[in-house]
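The primary structure of each chain is shown beneath.
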There are 2 protein chains.
Amino acid sequence: MIDDPWQRRRLLDAFPFLRATPEAFRAELFAQVALVRLPVGQLICHDGAHCTQLPLVLTGTGRVYKLGENGREITLYRVHPGESCVVTTSCILSGRAFPAFAVCESAVEAVVVRPAEVRRWMATSEPWREYIFGLIASRLQEVFGVLDAVLFQRLDQRLMAYLLGLRETVSGRGIHMTHQALAAELGSSREVISRVLKDMESQGLLRTTRGLIELLDIPALELRAREG
Amino acid sequence: MIDDPWQRRRLLDAFPFLRATPEAFRAELFAQVALVRLPVGQLICHDGAHCTQLPLVLTGTGRVYKLGENGREITLYRVHPGESCVVTTSCILSGRAFPAFAVCESAVEAVVVRPAEVRRWMATSEPWREYIFGLIASRLQEVFGVLDAVLFQRLDQRLMAYLLGLRETVSGRGIHMTHQALAAELGSSREVISRVLKDMESQGLLRTTRGLIELLDIPALELRAREG
DNA sequence: GTTGATTCAGTGACTTTGTCACCAAGCAAC
DNA sequence: GTTGCTTGGTGACAAAGTCACTGAATCAAC
């Protein structure tokens, strides 16, 4: 139950679609959900687990990834504020096991909904349905995109594209990330990432130091991320 | 509209969950849907297309696959009688583009539903919702499984597992399939499939002739499909 | 500061997989 | 037969993953 008006306000701000719902629905929502805080690194769900609640993220981000038996991993998508892990939803609604891992990438505040309410609101609330379906579709597309990248794109291009994408979100010139973390992002291994980065460095495209990557020639990187 | 009692019967037989719906719902369904027949090889949906109807398959199978710019492809899943392409559903419900290709693998008879009805029934019919969610969850798991296989499993093991899986569905000792078709199934290339098969042949695990693969040592194949 | 542990990165040898170019065998139509 | 198409085979190479090991940077404790 959430009764603090300020917390209610935060929830509505993070999930704007709720403002389009009837007063009664919001009242029920406030009554039925709970606020949780999870620390960085907290495992939310492991491969094969059965989900018992749906988290709606207020702050922080979750990371959903696949883990191979050899220890390699790949990020499938992230759950940002205003979103929810819809794979969890589909598992709840169908009673299946969750097919991946989910972990708190930063400290997460979330509102958790029980399966019974998830199901009920699918039946009673049009905006809720729209919200959930929008998320399902966008996750599906993300996962399909990952599959496409893994199968059909060269690693150096994927890496360049990823670094360029980060640059837009991170302030400052450098990207603070280890080779291991990059490998886990892209589903590769540390050694290979190191090699590819070294190669790019030798071509003057970027500079690397322990835990930091500085992009030097961004136009060239953008060009080569698109086509060999 | 479907008014032939025999066709109505076939529809109910293929989609047993419909028997759990009220008479009125089934009447509306029969009134709103149309029966279509599609020939083998008919392209149902291409990458980036916007779906305008949801097909419920009565007979035949559809194949959903990703195609890379280099021409390589990989099968994501198949749509069998009694199923539907729920990625299409999610595209319809969210207005997004379809992120893959879909083609008729055999002649397909399907009942097509318009987006308006797909949406409306999600609101009004509990069994319809259950059906759709069950499918979404199982597709998600299939696609996650493909990703897992591509990233973390060796090709020879995937190939053995696939051949063993086929053996259960196909009568007779041999599997009639070209190396090219196997490559498209697993997201590899013909040359590599040829090499791997040749290798297995040299180890006495199977025998290949043009368009035909005969599994010889099934216990050994089963063993090696599990672990190197 | 120095020491030691820990994390992070680099390297070489090797395997697996994908790509390219080209050729050969099987099959069908004429 | 000959011609043409489909299917499969091969070798050389490139890209990526694996393994074992080394070295370098960082940090905490002393």
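Above this text sits the structure in question.
Since the structure is predicted, the reported quantities are computational estimates derived from the model, not experimental observations.

1. Considering the interface of chain B and chain A
Put simply, an interface is often sized by how much accessible area is lost when its parts join up.
And then number 1: Taken together, the contact between chain B and chain A spans 38 residues of the former and 38 residues of the latter.
And then number 2: The contact between chain B and chain A buries some 3700 Å² in all, and 72% of this surface belongs to carbon and sulfur atoms.
And then number 3: On the chain B side of the interface with chain A, the three residues burying the most area are B:Phe133, B:Phe144 and B:Phe152, jointly 21% of the side's total.
And then number 4: Inspection of the region where chain B meets chain A yields four salt bridges.
And then number 5: Between B:Arg119 and A:Glu130 there is a salt bridge, with the nearest N and O atoms lying 2.7 Å from each other.
And then number 6: The interface formed by chain B and chain A includes six residue pairs in polar contact (both at pLDDT 80 or more).
And then number 7: If you list the elements that add at least two residues to the side of chain B that touches chain A, you get strand S4 (62-67), strand S5 (73-79), helix H3 (86-94), helix H4 (115-124) and helix H5 (126-152) of chain B.
And then number 8: Per element, the largest residue contribution to the side of chain B that touches chain A is 17 residues, and it comes from H5(B).
And then number 9: Of the residues in the side of chain B that touches chain A, the class split is 21 nonpolar, eight polar and nine charged.

2. Regarding the packing of aromatic side chains
Residue and element names in this part refer to chain A.
And then number 1: Scanning all chains against the criterion turns up 15 aromatic pairs over all chains.
And then number 2: Note on Tyr-65 and Phe-101: the rings are 5.6 Å apart at their centroids and 20° apart in plane angle, and the pair reads as stacked. One end of the pair, Tyr-65, is in strand S4 (residues 62-67); the other, Phe-101, is in strand S6 (residues 101-104), with 36 residues separating them in the sequence.
And then number 3: By relative accessible area, which is 10% here, Tyr-65 ends up buried.
And then number 4: Cluster of aromatic residues (ring-pair linked, three or more members): Phe-15, Phe-17, Phe-25, Trp-121, Trp-128 and Tyr-131.
And then number 5: One Lys or Arg, Arg-63, reaches over the ring of Tyr-65 and ends 4.4 Å from the middle of that ring.

3. What about helix H4 (residues 115-124) of chain A?
And then number 1: Of all the positions in H4(A), only A:Glu117, A:Val118, A:Trp121 and A:Met122 are classed as buried. Mapping the buried residues of H4(A) onto a view down its axis gives an arc of 140°, with all of them on the same face.

4. Points about the protein's contact with DNA strand D
And then number 1: Around DNA strand D, a shell composed of 20 residues is seen, among which A:Leu155, A:Ser188, B:His179, B:Arg190 and B:Arg210 lie nearest.
And then number 2: Of what DNA strand D places within 4 Å of the protein, 57% of the atoms are sugar or phosphate.
And then number 3: Take A:Arg154: an N or O atom from its side chain is 3.2 Å from a phosphate oxygen of DNA strand D.
And then number 4: Note that a base nitrogen of DNA strand D is positioned 3.2 Å from one of the side-chain N or O atoms of A:Arg195.
And then number 5: At the level of elements, helix H8 (190-202) of chain A together with helix H8 (190-202) of chain B are the ones that each hand at least two residues to the surface near DNA strand D.
And then number 6: Here the element with the most residues in the surface near DNA strand D is H8(B); it accounts for five residues.

5. Points about the protein's contact with DNA strand C
And then number 1: Not every one of the 20 residues close to DNA strand C is listed here, only the nearest: A:His179, A:Arg190, A:Arg210, B:Leu155 and B:Ser188.
And then number 2: In DNA strand C, the atoms that sit within 4 Å of the protein are 54% sugar and phosphate, with bases accounting for the remainder.
And then number 3: Within the backbone of A:His179, an N or O atom sits 2.8 Å from a phosphate oxygen of DNA strand C.
And then number 4: Interatomic distance of 2.7 Å between a side-chain N/O atom of A:Arg210 and a base oxygen of DNA strand C.
And then number 5: Elements with a minimum of two residues in the surface near DNA strand C: H8 of chain A together with H8 of chain B.

6. A few points about the layout of surface pockets
And then number 1: One number sums up the size of the largest pocket: a volume of about 700 Å³.
And then number 2: Together, 24 residues line the largest pocket, and B:Thr75, B:Arg78, B:Tyr162, B:Glu185 and B:Leu186 are the ones closest to its centre.
And then number 3: Among the elements of the structure, S5, H5, helix H6 (155-169), strand S8 (174-176) and helix H7 (179-186) of chain B are those that each provide at least two residues to the lining of the largest pocket.
And then number 4: The residue makeup of the lining of the largest pocket, split by class, is 13 nonpolar, six polar and five charged.
And then number 5: When residues of the lining of the largest pocket are assigned to domains, at least three map to each of domain 1 (5-151) and domain 2 (154-226) of chain B.
And then number 6: A volume near 510 Å³ is recorded for the second largest pocket.
And then number 7: Around the second largest pocket sit 21 residues that line it, and A:Thr75, A:Val146, A:Tyr162, A:Glu185 and A:Leu186 are the ones nearest its centre.
And then number 8: Taken together, the elements giving at least two residues each to the lining of the second largest pocket come down to strand S5 (73-79), helix H5 (126-152), helix H6 (155-169) and helix H7 (179-186) of chain A.
And then number 9: Residue composition of the lining of the second largest pocket, grouped by class: 10 nonpolar, five polar and six charged.
And then number 10: Three or more residues apiece are contributed to the lining of the second largest pocket by two domains, here domain 1 (5-151) and domain 2 (154-226) of chain A.

Scoring rules and cut-offs
Residues numbered from 1 in each chain as written. Chains lettered and ligands numbered in written order. Predicted model: local features only at pLDDT ≥ 70, side-chain atom pairs only at ≥ 80, totals over all residues. Heavy atoms only, no water. Contact = heavy atoms within 4.5 Å. Buried area = accessible area lost by both parts, 1.4 Å probe. Salt bridge = Lys/Arg side-chain N within 4 Å of Asp/Glu carboxyl O. Polar contact = N/O pair within 3.5 Å; in protein donor to acceptor, adjacent residues only side chain to side chain. Helix = DSSP H or I, 4+ residues; strand = E, 2+ residues; numbered from the N terminus. Nonpolar A, V, L, I, M, F, W, Y, C, P; charged D, E, K, R; others polar. Phe/Tyr/Trp six-rings, centres within 6.5 Å; stacked < 30°, edge-to-face > 60°. Buried < 20%, exposed > 50% of the residue type's maximum accessible area, 1.4 Å probe, protein only. Lys NZ or Arg CZ within 6 Å of the ring centre and 35° of its normal. Arc of directions from axis to C-beta. Near = heavy atom within 4 Å. 1 Å grid on protein atoms, 1.4 Å probe; cavity = no way out; pocket = protein on both sides within 12 Å on 5 of 7 lines; lining within 4 Å. Points joined across faces, edges and corners; volume = space filled by probe spheres on them. Domains from an automatic or database assignment.

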